[in-house]
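# Geometric and topological summary
These are the residues of each chain, in order.
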Amino acid sequence: FFILSMSPLLSQTNYDESKVPSFEVPDPLMTFKGKKIKTVKKWEKTRRPELFHFFENNVYGKIPKTLKIDSYTILEQDDNAFNGKAKRKQVELSFKNNGKTLRYTILLYLPKNKVKAPVFLGYNFYGNHTITEDKAVFISSAWANNNESFGIENNTLTEVSRGKRTNRWAVEKILDAGYGLATIYYGEVDPDKNDFTDGIHSLLYQQDQNHPKPDEWGSIAAWSWGMVRAVDYFEKDPDIDASKVIAFGHSRLGKTSLWAGVMDKRFAGVISNDSGCGGAAMSKRKFGETLAVINDRFPHWFCDNFNEYNENEEALPVDQHQLLALIAPRPLYVASAQEDQWADPRGEFLSAHYATQVYHLYDKEGIETMEMPKVNEPIHNTVSYHIRTGKHDVTDYDWENYIKWANAYVK
Ligand code: GTR
């Protein structure tokens, strides 16, 4: 954080609600040409596609072409994992193009006595072996961010980090509630660094291309793509109910779960845990992290066209509540943390509120009020929201609420 505090843009970070600029909230139900949308039919035929294309070409970037799973391999399977509670599978998906191969491994824990399990699907930050103490989980050989407290040096994952992130994954609670958990190390799909020669991007370049075009995918869209392809696999796995897959993600991976949920309607529900700027939070509020800061620090996350709006949020014809609206009528959960002001909890809440009008078209309820709930007092509807005590993290409290909401609206 020392280097961060040196940046002039960061020193201007606004945490004062009275300094949020006044701005017009772009109407999800008004087309760019000024036509009011009143029916589901018009929403789906006109407005949803035009909003989707805006986010695709100017925010996350489009995927240059379809690339399906070439083959998959069940690397390992055990019917007595988690003290006999779960079936564990480690499944490797393999993709081929341009003479290159990309492989990533899905770790699955499925409730044992369930014929077809609904699953939560979400990426992890430091490898599948970090989410559990389970010794049988393979350690990825993909590039990883160094992390002193997890013993990650030279961008290499080792045994030292096994189980270091169990606090973020309530595996037993998930299993006991009758859900499966599927997780993938995001670095296997695209290493999280400003380098476009690696990861999935490199398989889809045209001749002589070595960087995505300005409207082509950054890393978030690449990670989202990886979630979508995982659903392709789920459709072939008899132990999984592929019509009940919930996309989950925290922080940058929450931005990812949102975009995955927007791109692919097969996701039956979507969870954004503390996704913040470029995720659930409204950009025009300029509270906490801003577009200029995120695009400067993480130039590879969004498409290059998004830079147009750095310190120029007023020019954006959309805002992130319209991204959330693209998930309608499917269940959506937006969660914030009180000490995570960087992610702008109020901006995440308002986004869920302003997206709700599209849910109304489908006769679904969401965040009806503009008044933020108190901490640890969740609002549960098709669109749900909570702000919990504590910091930028995923906690058992978060999972307990996701499970309750999934039981009521997804299962
Ligand atoms: C931060 C970034 C946030 C969020 C977070 C994370 O550094 O500014 O937008 O994505 O990383 O992913 O943990």
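Residues numbered from 1 in each chain as written. Predicted model: local features only at pLDDT ≥ 70, side-chain atom pairs only at ≥ 80, totals over all residues. Heavy atoms only, no water.

### Things to note about the overall build of the protein
Each helix and strand counted, the protein has eleven helices and nine strands in total. For the protein, whose C-alpha radius of gyration is 20 Å, the value lies close to the compact-globule estimate of 22 Å for 411 residues. Split into buried and exposed, the 411 residues of the protein put 60% on the buried side. A separation of at least 24 residues holds for 70% of the contacts in the protein among residues at least 6 apart in sequence. As presented, the protein carries roughly 16,700 Å² of accessible surface, and 49% of it is formed by carbon and sulfur atoms. The positive charge centre, built from 50 side chains, and the negative charge centre, built from 55, are 6 Å apart in the protein. (Helix = DSSP H or I, 4+ residues; strand = E, 2+ residues; numbered from the N terminus. Rg over C-alpha atoms; globule rule 2.2 N^0.38 Å. Buried < 20%, exposed > 50% of the residue type's maximum accessible area, 1.4 Å probe, protein only. Contact = heavy atoms within 4.5 Å. Areas by Shrake-Rupley, 256 points an atom, 1.4 Å probe, with all protein chains shown as cover. Lys, Arg positive; Asp, Glu negative; His and termini not counted. Charge placed at Lys NZ, Arg CZ, Asp CG, Glu CD.)

### Quick notes on the site of the ligand
Near the ligand the following residues occur: F125, S251, R252, K255, E289, I294, R297, F298, W301, W342 and H392. R252 is positioned such that a nitrogen or oxygen atom in its side chain is 2.6 Å from an oxygen atom of the ligand. The side chain of K255 places a nitrogen or oxygen atom 2.8 Å from an oxygen atom of the ligand. The fraction of the free accessible surface of the ligand (320 Å²) that becomes covered by protein chains is 86%. Taken together, the residues of the shell around the ligand break down into five nonpolar, two polar and four charged. (Near = heavy atom within 4 Å. Polar contact = N/O pair within 3.5 Å; in protein donor to acceptor, adjacent residues only side chain to side chain. Nonpolar A, V, L, I, M, F, W, Y, C, P; charged D, E, K, R; others polar.)

### Observations concerning unusual backbone geometry
Of note, the amide linkage connecting A328 to P329 takes the cis form, showing an omega dihedral of 0 degrees. Assignment of secondary structure puts P329 in the loop between α9 (320-325) and β8 (332-337). Phi at N83 is positive, roughly 50 degrees, even though this residue is not glycine. Looking at where N83 falls in the secondary structure, it is placed in helix α4 (residues 81-84). A residue is classified by how much of its surface remains accessible, and N83, at 77% relative accessible area, is exposed. A positive phi angle is found at D363, which is not glycine, with a value near 60 degrees.

### Things to note about the nonpolar core
Counting 95 residues, the largest nonpolar core has W43 and F234 as the members making the most contacts within it. The leading source of residues in this core is helix α6 (residues 219-234), at eleven residues. Aside from chain neighbours lying at most four places away, what touches F234 is I106, L108, V119, L121, A182, I240, A242 and V245. Ranked by size, the runner-up nonpolar core spans 29 residues in total, among them A81, F120, Y179 and A335. (Core = buried A, V, L, I, M, F, W, Y, C linked by side-chain atoms within 4.5 Å.)

### Overview of the environment of W301
If you trace the backbone, W301 turns up in the loop between α8 (291-297) and α9. Relative accessible area serves as the criterion here: at 3%, W301 is assigned to the buried category. For W301, the side chain forms a polar contact with the side chain of H300, separated by 3.4 Å.

So, to be careful, I would describe these as geometric facts and stop short of saying anything about function.
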